[in-house]
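The lines below spell out each chain.
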Amino acid sequence: MTPSTASPILANVCLHILLDQWFTQNWSSKGEFVRYADDAVFVFSDEETARSFQLALIERMAEAGLRLNLDKTRIVPFSAAAPEGTITLLGFELYWGTQRGVGKRLKIKTIPKRLGRAVQSFTEWIKGIRHRKTTSAIWSEAAAKLTGHYRYYGVVYNEAKLHHFRWSCIGALYRWLNRRSQKRSFTWERFAQRLRFHPLPHPPCGPELIDVTSEHGATRNHKPKSRMPKLGTYGSVRSASLRLAFT
């Protein structure tokens, strides 16, 4: 086992005792938390409890010789009636929006900065690969990259961000495939024709999207499957940043 694989496992074991069990024994009657990979969100019914928990958590971390990163820790008023901020988790932003016939509704979308980084990463990839592979090979890899993005971010209320990512990537493909030589590889008409006969994957929609904001976090029975945890449940264990919310 290499250090790179051992570190997350050791962190999981440590935090299971340091945080999971401690929260369950001392704070589960006052709030709930979601934690997955490097992110954690703790939810309480009032600000006083949230601030008390923050102080207790600082002390708990100090007992283990650790320091809570206060730059990544914030208390967010998140009541549906009067939210004063948003919650970020695993590359997503949770916010209160409206839905016709329903009123206030908890919604979710890709964090704008994360979306920008994803588009930039795709652009850097096509810039680096365009001279070394055939158009068919590039097209196939681009399709795989789009599918991978959809599988992570394919959740209800995030359709607009998924389409934004797809068209941004298509635009990057068109621009950089045309810079492989002094002569343009594609006119837009030829590029659109290839896109029509060899379409790149479209984002999931409707029942293909996972609803992680519902009470029970309904899940599809088929792939693709997002790695976003169902909200309201415990996630797996390693955490470097957290948010505290009160409703």
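What you see is a predicted model, and the numbers here were worked out from it, not measured in a lab.

Enquirer: Could you give me a rundown of helix α5 (residues 159–177), with the residues and numbers involved?
Expert: Because each turn of an α-helix spans 3.6 residues, side chains separated by three or four positions in sequence point in the same direction. Between its first and last C-alpha, α5 extends 27 Å over 19 residues, near the 27 Å set by a 1.5 Å rise per residue. Buried within α5 we find L162, F165, R166, S168, C169, I170, A172, L173, Y174, W176 and L177. In this structure, the buried side of α5 is in contact with α3 (112–129), α4 (135–153) and α6 (188–197).

Enquirer: Explain the environment of D46 to me, and be specific about the residues and the numbers.
Expert: Here D46 is to be found in the loop between β2 (39–44) and α2 (47–63). For D46, a relative accessible area of 28% translates into the label partly exposed. With 16 residues separating them in the primary sequence, D46 and K30 have C-alpha atoms 9.5 Å apart. A polar atom in the side chain of D46 sits 2.8 Å from the backbone nitrogen of T49.

Enquirer: Run through the nonpolar core, naming residues and quoting values.
Expert: Grouped together as the largest cluster of nonpolar side chains are 44 residues, with contacts concentrated most on I126, L173, F191 and L200. If one sorts the elements of this core by residue count, α5 sits on top with nine residues. Leaving out residues up to four positions away in the same chain, L173 has contacts with F122, I126, I138, W139, A142, F191 and L200. Grouped together as the second largest cluster of nonpolar side chains are 17 residues, A40, F42, F44 and L68 included.

Enquirer: Just give me the short version of the side chain of E93, but keep the residues and values in it.
Expert: Assignment of secondary structure puts E93 in strand β5 (residues 92–99). Residue classification places E93 among the buried residues on the basis of a relative accessible area of 15%.

Enquirer: Break down α2 for me, with residues and values.
Expert: Taking 1.5 Å as the rise per residue, α2 with 17 residues should run 24 Å; its terminal C-alpha atoms sit 25 Å apart, in good agreement. T49, A50, F53, Q54, A56, L57, R60 and M61 are the residues of α2 that are buried. For α2, the N-terminal cap is D46; the gap from its side-chain oxygen to the backbone nitrogen of E48 is 3.2 Å. Following α2 by one or two positions, G65 has its phi on the positive side, about 75°.

Calculation criteria
- Residues numbered from 1 in each chain as written.
- Predicted model: local features only at pLDDT ≥ 70, side-chain atom pairs only at ≥ 80, totals over all residues.
- Heavy atoms only, no water.
- Helix = DSSP H or I, 4+ residues; strand = E, 2+ residues; numbered from the N terminus.
- Expected span 1.5 Å × (residues − 1).
- Buried < 20%, exposed > 50% of the residue type's maximum accessible area, 1.4 Å probe, protein only.
- Contact = heavy atoms within 4.5 Å.
- Polar contact = N/O pair within 3.5 Å; in protein donor to acceptor, adjacent residues only side chain to side chain.
- Core = buried A, V, L, I, M, F, W, Y, C linked by side-chain atoms within 4.5 Å.

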